[in-house]
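# Structure assessment
Here are the chains, one letter per residue:
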Amino acid sequence: MNLIDPLSTALKTAASGLEAQSIRLRVVSENMANAQTTGSVPGGDPYQRKTIGFVSQLDSLTGAATVKIDTIGQDDSDFGIEYDPGNSAADADGMVKLPNVNVLIEMADMREANRSYEANLQTIKQARELISMTIDLLRASS
């Protein structure tokens, strides 16, 4: 019979959440850093916003429901266009394609990822505290 320790399961679940949210923060940071990155050749495509998808997985050994990165893709929404004939990425008509990154959306995504990261971190802290209290109780009863 395989006994499942609920505190270890909570740690495993929260750790997977920390990893997923840290990757999400990296993707959001890349998007924000490239929000003004135009193409490198006249008429070329600018930076294309990255997206991230998650999937829930069940760890059959521990029974922990974990989260994993499913995909890191690209946003297929249209690029903005701006008249800027002096830009090295301008086409023959002086038009420059702009990245499809909306900094406000990225900031909201970053805030949500940060809060999720903090919640998972708090779960790990609480589980460790409960494990420590259990060990103390076992020592006291010996």
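The structure we're discussing is the one just above.
So, a few notes on the structure that sits alongside this text. (Residues numbered from 1 in each chain as written. Predicted model: local features only at pLDDT ≥ 70, side-chain atom pairs only at ≥ 80, totals over all residues. Heavy atoms only, no water.)

## Quick word on the overall build of the protein chain
Rule in force here: Comment: elements are numbered from the N terminus, with helices defined as DSSP H or I runs of at least four residues and strands as E runs of at least two. Between buried and exposed lies partly exposed: a residue is buried under 20% and exposed over 50% of the maximum accessible area for its type, with that area taken using a 1.4 Å probe on protein chains only. Note on definitions: a residue-residue contact is assigned when non-hydrogen atoms from the two residues lie within 4.5 Å. In this charge count, Lys and Arg are treated as positive and Asp and Glu as negative; neither His nor the chain ends contribute. Charged groups are reduced to one reference atom each: NZ for lysine, CZ for arginine, CG for aspartic acid, CD for glutamic acid.
When helices and strands are counted, the protein chain shows two helices and four strands. The helix and strand sequence of the protein chain, counted from the amino end, reads α-β-β-β-β-α. Looking at the protein chain as a whole, 24% of its 142 residues are labelled buried. The contacts of the protein chain with a sequence gap of at least 6 include a subset with a gap of at least 24, amounting to 64%. One finds the centroid of the 12 positive side-chain charges in the protein chain at a distance of 11 Å from the centroid of its 19 negative side-chain charges.

## What to know about the pattern of salt bridges
Test applied: The working definition used for a salt bridge is a side-chain nitrogen of Lys or Arg within 4 Å of a carboxyl oxygen of Asp or Glu.
One pass over the structure, following the stated rule, counts 10 salt bridges. Between Lys 50 and Glu 30 there is a salt bridge whose closest N-O contact spans 2.6 Å. Taken together, the residues span a long stretch of sequence, with Lys 50 in strand β1 (residues 50-58) and Glu 30 in helix α1 (residues 6-33) at a distance of 20 residues. Under the relative-accessibility criterion, Glu 30 is labelled partly exposed at 22%.

## Section: helix α2 (residues 103-141)
Because each turn of an α-helix spans 3.6 residues, side chains separated by three or four positions end up pointing in the same direction. Note the cut-off: Here the expected length of a helix is defined as 1.5 Å per residue gap, with one fewer gap than residues. Polar contact is the term for a pair of N or O atoms within 3.5 Å; when the atoms are in protein, one must be able to donate a hydrogen and the other to accept it, and sequence-neighboring residues count only if both atoms are side-chain atoms.
The terminal C-alpha atoms of α2 lie 57 Å apart, and with 39 residues this matches the ideal 57 Å at 1.5 Å per residue to within 8%. Where α2 is buried, its residues contact α1. With a side-chain oxygen lying 2.9 Å from the backbone nitrogen of Leu 104, the N-terminal cap of α2 falls on Asn 102.

## Side note on the side chain of Glu 106
The topology assignment puts Glu 106 in helix α2. Its relative accessible area of 0% is what places Glu 106 among the buried residues. Separated by 2.4 Å, the side chains of Glu 106 and Arg 49 make a polar contact. Ignoring any residue separated from it by four or fewer positions in sequence, one finds Glu 106 in contact with Val 28, Asn 31, Met 32, Arg 49 and Val 101.

## Notes on α1
If you check α1, its first and last C-alpha atoms are 40 Å apart, about what 28 residues at 1.5 Å a residue would give, namely 40 Å. Of the positions making up α1, those classed as buried are Thr 9, Ala 14, Ser 16, Gly 17, Leu 18, Ala 20, Gln 21, Arg 24, Val 27, Val 28 and Asn 31. The elements touched by buried residues of α1 are β1, β2 (65-74) and α2.

## Observations regarding the packing of α1 against α2
To keep it simple, the criterion reads: For every element, the axis is a line fit to its C-alpha atoms; helices are fit only across the contacting stretch, and the angle between N-to-C directions ranges from 0 to 180 degrees. Each angle gets one of four labels, with under 35 degrees taken as roughly parallel, over 145 as roughly antiparallel, 65 to 115 as roughly perpendicular, and the rest as oblique. By the definition used in this description, the sense in which the near helix is turned from the far one sets the handedness, with an anticlockwise turn below a right angle giving left-handed and a clockwise turn giving right-handed. Note on residue categories: nonpolar means Ala, Val, Leu, Ile, Met, Phe, Trp, Tyr, Cys or Pro, charged means Asp, Glu, Lys or Arg, and polar means any other residue, Gly included.
Here α1 crosses α2 at 160 degrees, and the two axes come no closer than 8 Å. On the basis of their axis angle, the class for α1 and α2 is roughly antiparallel. Between α1 and α2 the crossing geometry is left-handed. Looking at side-chain class alone, the contact of α1 with α2 contains 19 nonpolar, nine polar and five charged residues.

## Things to note about the pairing of β2
Note the cut-off: Two strands are said to pair when DSSP picks up at least two bridges between them.
Of the pairings in the sheet, the one linking β1 to β2 comprises nine bridges and is antiparallel in character. Directly across from Thr 51, in β2, lies its bridge partner Gly 73. Hairpin remark: β1 followed by β2, antiparallel, with six residues in the connecting loop; positive phi at Gly 63, about 80 degrees.

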